[in-house]
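# Observations on chain architecture
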Amino acid sequence: MAARFKDIEEKWQRRWEEAGLHLAERDSRPKFMIIFAYPGVTGYLHVGHMRGYTYVDAIARYKRMEGHNVLFPVGTHATGNGAISLANRVAARDPDTLEYLLRNGCPQDRIEDLETPEGVVEFFNDVYVNDYWKRFGFLADWRRFTSSIRPDYSRFIQWQFRKLMEKGLLVQKPYYAPACVDCGPVAVDPSETDLSKGGGAEVNEYTLLKFRCGDELLIAATLRPETVFGQTNFWVNPDVEYARVKVGEETWIVSAPAARKLSFQMDDVEVLGQVRGKELLGMMCQAPMVGREIPVLPAGFCDPEVGTGLVTSVPSDAPDDLVALRQLQGDPSLMESYGLDPSVADIEVIPIIDIEGYGPCAAADSVDRVGITESGDPRLVEAKKQVYKDGHHLGRMNKLCTGYEGLRVEEAKERMRDDMLAAGEAELFHDLSEEVVCRCGGPVMIRRVDDQWFIDYADPDLTARTKAHCEEMGIFPAEYHHNVQAVLDWFRERACVRKGSWLGTRFPFDEEWIIEAISDSTLYPVYYIISMHANDGSLSPEQMGEDFFDHVILGRGDAAAVSRSTGVPVELLESIREDISYWYPLDLNLGGKEHMTVHFPAFLFNHQAVMPEDKLPRGIFVNWYITGKKGKISKSKGGAQPIPGAAEKFGVDALRLYYAHVASPFQDVEWDEDIVTSYRHRTERTMRMMEELHSLDGEDEGSVDAWMLSRMSRHVAEAGGHMESYDLRQMANVVYFDIPNDIRWYLRRGGRCRRTARKALDAWLRMTCPITPHIAEEAWESLGGEGLLSSAEYPAAEGTDPSSELGESYLRDVLEDVNEIVRVTGMKARSLHLYTAPEWKNLVQSMAVEMARAGELSVPALTKRAMQDERVRRNGKAASEFAKKVAQDTARRSAAELERLSAPIDELTLLQDAKGFLESELGVAIELHDAADPRHDPQGKAKAAMPLRPAMLLE
RNA sequence: GCGAGGGUUGCCGAGCCUGGUCAAAGGCGACAGACUCAAGAUCUGUUCCUGCAGAGGUUCGCCGGUUCGAAUCCGGCCCCUCGCACCA
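## Observations concerning the overall build of chain A
Counting secondary structure elements, chain A contains 35 helices and 32 strands. Taken along its principal axes, the extent of the C-alpha atoms in chain A is 120 × 80 × 55 Å. Within the structure as shown, chain A displays about 40400 Å² of accessible surface, and the carbon and sulfur contribution to it stands at 48%. Between the mean site of the 110 positive side-chain charges and the mean site of the 152 negative ones, chain A shows a separation of 6 Å.

## Observations concerning the pairing of strand β8 (residues 203-213)
By the criterion of burial, β8 is predominantly enclosed, with eight of the eleven residues buried. Note: β8 against strand β19 (residues 426-432), seven bridges, orientation antiparallel. Opposite Y206, over in β19, you have F429 as the bridge partner.

## A short note on the nonpolar core
Ranked by internal contacts, the top residues of the largest apolar core, which has 125 residues, are F72, F124, W133 and W764. Here the element with the most residues in this core is helix α25 (residues 728-748); it accounts for twelve residues. Excluding residues within four positions of it along the chain, W764 makes contact with T686, M689, M690, L693, M712, V735, I739, P740 and I743. Residues M473, I475, I515 and L573 belong to the second largest nonpolar core, which totals 68 residues.

## Examining the protein's contact with RNA strand B
The local shell around RNA strand B holds 59 residues, among which Y175, A187, A495, E516 and Q667 are the closest. Restricting attention to atoms of RNA strand B within 4 Å of the protein, one finds that 63% of them are sugar or phosphate atoms. Between a sugar or linking oxygen of RNA strand B and a side-chain N or O atom of R729, the distance comes to 2.6 Å. Those elements that provide at least two residues to the surface near RNA strand B are α15 (478-490), β23 (494-495), α23 (673-695), α25, α28 (802-825) and β32 (951-954). Among the residues forming the surface near RNA strand B, the class breakdown is 22 nonpolar, 16 polar and 21 charged.

## Brief notes about unusual backbone geometry
A cis amide bond, omega 0 degrees, links F476 with the succeeding residue P477. For P477, the location among the structural elements is in the loop between β22 (474-476) and α15. P585 follows Y584 through a cis peptide bond whose omega is 10 degrees. Positive phi, close to 55 degrees, is recorded for D268, a residue that is not glycine. Along the polypeptide, D268 turns up in the loop between α7 (256-265) and β13 (269-276). We classify D268 as exposed; its relative accessible area is 58%. Positive phi outside glycine occurs at Y726, with the angle close to 55 degrees. As for its position among the elements, Y726 is in the loop between α24 (703-724) and α25.

## Examining the environment of R369
Along the polypeptide, R369 turns up in helix α11 (residues 362-370). Residue classification places R369 among the exposed positions, given a relative accessible area of 55%. C-alpha separation for the pair R369 and T251, spaced 118 residues apart in sequence, amounts to 42 Å.

## Some remarks on the side chain of Q231
Relative to the assigned elements, Q231 resides in the loop between β9 (216-222) and β10 (233-236). A polar atom in the side chain of Q231 sits 2.5 Å from the side chain of T312. Apart from residues lying up to four places away in sequence, Q231 is in contact with L209, F211, A287, P288, V290, R292, I294, T312, S313, V314 and I350.

## Topic: the sheet that holds strand β6 (residues 184-185)
Pairing is antiparallel across the open sheet formed by four strands, whose spatial order is β6-β5-β21-β23. Only two strands of the sheet have a single neighbouring strand rather than two, namely β6 and β23. Note: strand β5 (residues 170-180) against strand β21 (residues 444-455), ten bridges, orientation antiparallel. Within β21, the position partnered with Y176 by the bridge is R448. This element, α7, spans β5 and β21 of the sheet and lies at about 10 degrees to β21.

## A word on the pattern of salt bridges
Tallying each qualifying case throughout the model produces 62 salt bridges. The salt bridge partner of R93 is E115, with a shortest N-O separation of 3.0 Å. Of the two residues, R93 is situated in the loop between α3 (82-91) and α4 (95-103) and E115 in the loop between α4 and α5 (117-134); the sequence distance between them amounts to 22 residues. For R93, a relative accessible area of 39% translates into the label partly exposed. In this structure E115 comes out as partly exposed when scored by relative accessible area, which is 32%. When the shortest N-O distance is used, the salt bridge between E805 and R711 registers 3.5 Å. Placement of the pair is E805 in helix α28 and R711 in helix α24, with a sequence separation of 94 residues. With a relative accessible area of 22%, R711 lands in the partly exposed category. Linked by salt bridges that have partners in common, R162, K163, E166, E546, D550 and R556 make up one network.

## Re the packing of α25 against helix α26 (residues 754-768)
Following both chains from N to C, one finds α25 and α26 inclined at 165 degrees, their axes separated by 10 Å at the closest point. What the angle tells us is that α25 and α26 run roughly antiparallel. As for how α25 packs across α26, the hand of that crossing is left-handed. Contact residues: M731, V735, Y736, I739, P740, I743 and Y746 in α25; T756, W764, M767 and T768 in α26. Here the residues of the contact of α25 with α26 are counted per class, giving nine nonpolar, two polar and no charged.

## With respect to helix α32 (residues 876-891)
The end-to-end C-alpha separation of α32 is 23 Å, in line with the 22 Å expected for 16 residues at 1.5 Å each. Taken together, the buried positions of α32 are occupied by A879, F882, A883, V886, A887 and T890. The buried residues of α32 occupy an angular sector of 135 degrees when the element is viewed end-on, so they sit on one face. On its buried face, α32 is in contact with α29 (839-853), α30 (859-867), α31 (870-873) and α33 (895-901).

## Details of the sheet that holds β32
Strand-to-strand pairing in sheets goes through backbone hydrogen bonds, with the strands running parallel or antiparallel. The strand order across the open sheet formed by three strands is β31-β30-β32, and the pairing between neighbours is mixed. The open sheet is flanked by β31 (925-930) and β32, the only strands paired with a single partner. Each strand axis lies, on average, 20 degrees off the axis of its neighbour in the sheet, ignoring direction. Relative to β32, strand β30 (residues 831-836) runs antiparallel, the two sharing four bridges. Its bridge partner being in β32, Y835 is matched across the sheet by A951.

## A word on the confidence of the model for chain A
Of all residues in chain A, 97% have pLDDT values of 70 or greater, and the mean over the chain is 88. Confidence, expressed as mean pLDDT per element, reaches its minimum in chain A at strand β7 (residues 195-197) with 71 and its maximum at strand β2 (residues 69-71) with 98. Low pLDDT, under 50, characterises residues 630-639; the stretch is placed with 15 contacts to residues that sit more than four places away or in other chains. Model confidence for the complex: the whole-complex pTM is 0.86, and ipTM, which rates the interface, is 0.91.

## Digging into α4
Among the residues of α4, those classed as buried are T97, L98, Y100 and L101. In an axial view of α4, the angular spread of the buried residues amounts to 160 degrees, which keeps them on one side of the axis. With respect to the buried face of α4, the exposed residues turned more than 90 degrees away are P95 and D96. In the core, the buried residues of α4 are packed alongside α3 and α5. In the segment just after α4, G105 is the residue with positive phi, at about 100 degrees.

## Re the packing of helix α14 (residues 460-472) against helix α20 (residues 599-610)
Orientation of α14 relative to α20, taken along the N-to-C sense of each, is 110 degrees, at an axis distance of 9 Å. It follows from the interaxial angle that α14 and α20 lie roughly perpendicular. Here L462, T463, R465, T466, H469 and C470 of α14 lie close against α20, whose contacting residues are L604, F605, Q608 and A609. A breakdown of the residues in the contact of α14 with α20 according to their chemical character gives five nonpolar, four polar and one charged.

Each value, and the rule that gives it
- Residues numbered from 1 in each chain as written.
- Chains lettered and ligands numbered in written order.
- Predicted model: local features only at pLDDT ≥ 70, side-chain atom pairs only at ≥ 80, totals over all residues.
- Heavy atoms only, no water.
- Helix = DSSP H or I, 4+ residues; strand = E, 2+ residues; numbered from the N terminus.
- Areas by Shrake-Rupley, 256 points an atom, 1.4 Å probe, with all protein chains shown as cover.
- Lys, Arg positive; Asp, Glu negative; His and termini not counted.
- Charge placed at Lys NZ, Arg CZ, Asp CG, Glu CD.
- Buried < 20%, exposed > 50% of the residue type's maximum accessible area, 1.4 Å probe, protein only.
- Pairing = 2+ DSSP bridges.
- Core = buried A, V, L, I, M, F, W, Y, C linked by side-chain atoms within 4.5 Å.
- Contact = heavy atoms within 4.5 Å.
- Near = heavy atom within 4 Å.
- Polar contact = N/O pair within 3.5 Å; in protein donor to acceptor, adjacent residues only side chain to side chain.
- Nonpolar A, V, L, I, M, F, W, Y, C, P; charged D, E, K, R; others polar.
- Axes fitted to C-alpha atoms, helices over the stretch in contact; angles between N-to-C directions.
- Salt bridge = Lys/Arg side-chain N within 4 Å of Asp/Glu carboxyl O.
- Parallel < 35°, antiparallel > 145°, perpendicular 65-115°, else oblique.
- Left-handed = near helix turned anticlockwise from the far one by under 90°.
- Expected span 1.5 Å × (residues − 1).
- Arc of directions from axis to C-beta.
- pLDDT = per-residue confidence, 0-100.

Take a look at the structure:
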């Protein structure tokens, strides 16, 4: 079967290609433009990535069948240093890298092509297009393929930045960026794209506090500048060799690693010499802000790699400080061994912050609660975290904090920091929370960049307009439609250019800078409309200057004039201009959930900033991941199924159905081969059932035929509705599960009508085409369909037949009831008597339904009306009791249920028609009776007959 | 911390916005039967508890509230997941 699927896939992909189905050209139809956020070229992708891409192809196929002219272009994002680092590793013949390439199917003789970054990018562009997207049957317009490091693309990005500048959205200011000392800025994030270690690190802002000690300054780094009022002493590690550093006019003492870090963030940093921590012990230094003289004491927990390796001691709020101080004070011999003055024992904790749920000294509470007495106790980590957290959110400065008393900690922190900075008592310092190592092996540090360019996404007007536009957009899931408002508010200025080893576009205002990865991937969908002409050679990058883009995208200037200044023929300019007017805006941009706070807001902001009102994006769709057993399937961590292998193993359509149906797109799914296999079985069953339907050749039509067509019409409407809101899962559920279930019932009921079967099959086949196009085409052809199904129309819903639907559900209910009785009683019946409700009961029932739909139903109202009818009244007390019961039951029906019940059916005729079916299903002889006049009713069952609920007797 | 989402019957997963048709779709798995030499596939039935007449009972994280009526609405609690900036 695997071979057969593969043959089918190749056959139809070839035919689609020959028919040019994927090519998009402007015409008179309504247009639909859809993309997925193009992938970064980082190496081989895995089966998880195909999820979102597949949604896009399925939606595009649906839209095409539904009457739209669809543009679905693809490209890749190659900006960054990923390709550079891979090329370097290949060039160095790194064994792990080679193994990785070969394992994923890279031919041995292509490896040397991967020694340059450009080679890497072109190689993977080819892999993505041919081994992934074409292999999955995507109908993308390949002519428009572009990649973010191509020269023509760069011209577009430069134009975009000129427009941002024109709008005043590019600003310059100092910035602290994580950077490899060799490669330049790198991304520090959990995916570790740029890194070999430390993706979880955070950038902390420390306040450097200056403690005057003779002619020198001891520098402590703190995350809690608001605690300076509680300082009692200063900590140094006696065993560490500190550096004496000249910073401007001052002489600082910090750890050696800190001195190096400082040199990336401050000017004029010069190491003068060394000083052993031990030598500083016992000296007095002057604490900033409070001006107190405090002693320098020893502490082993001062780590030269963290902050400055020197620490100011606030025992009231820092558990580490408190424990160390107590330990020292409680050990006179230790004090003596360091030659400390005995007065150290008299140092008292100074409470400065009131925290709800704590006494005056939060650190003491926290430490004493769990009985921590020694520095280095592992529980200190948690204690510190908790005290800091509670202090930060719940704390208020007490009356000892002159000038800040009563302030919330959050507020005091900023004000005290700023005041000390202004007074020259402090400086700012940024550091990473853990060791970070670049892909190249070099250390990553925080580097100050003075003239960093930013895109000003914090601009209030831009933000307000973007938020307003998002309200009107189709954003899926709905939660993100809501959440994006908060994201747009939170989005700040973003550093948009960088220096160093990096593929990308030169910043047009200063060619030393290269535009970074997020910033050159925000407006690109519109470029797919142009790229085709660069790809076929009609446009050269040199021609694509500001005039060109101003004209074709913004409609500025006169075509003839632009043609003269650019050398682009007028006809081509006009054609591109019209294409953009036609295709843009983008109808849907689909991307993974990682884009929610990075790419999508930037995408929205840039369109809002650069594009006219009528070219703003209309839709965003966010999909969640396919994960491995433990977390994300990761190409770097191995074990993931390569995409071509999965296609071979399961069949492309099975995978497409799996992605579409396995879960809501807004939920992570664990990759599980058994589940995928079950979808493969589903595709096989679907094909078999189609063949079976096609083989029916009966002529007779019965009530079940009306039912079948009614159901099909209902399913067509439902599936279409789901697709309009891009709900592939619900659509797949209808097409691959609900419809087969109905067909099974049709066959079980004896439905054999050729006309009905053909009609149902025709609609069904068309509905399967967006998700499982290969097998749909194959079945379409073998069952005699004309032309390509992929270019056929999506079926239109016809009317439904409520009576036949109610009738069949009535028969199912009867079957169920009989089965239940047989099961419960355990009897082996030979005959079944069915008693349908007498006419008067049906009358009362329909009155009740009618009154309920008119909102006039009540027990007295129904009773009154029913008793006015002679046919009811003559049943006396039974009639009034029945009316009461029916009124009560009917009153709690929903509107949908009432509508269903209002369809007219004749139970006796229905049962008469289905008698043969019921007898063979149940294996009993059946006799039908009107309960008003039963011919055989030894147990008096007939009187229990209710509308839609016949009484029965099994014998 | 900031922002968002979620906890449903063996598993996956609908339903919740718009309260009653909900013991709660569908799939998967399991069990039984039919078919078959057999297996697979397919079809049928069962799959919370009880029940020799189509029924009853107890369920939708926990506690409480609103309501004639709550998986669905409200409040509180517990637990989990996700995003958080130079990674499309």
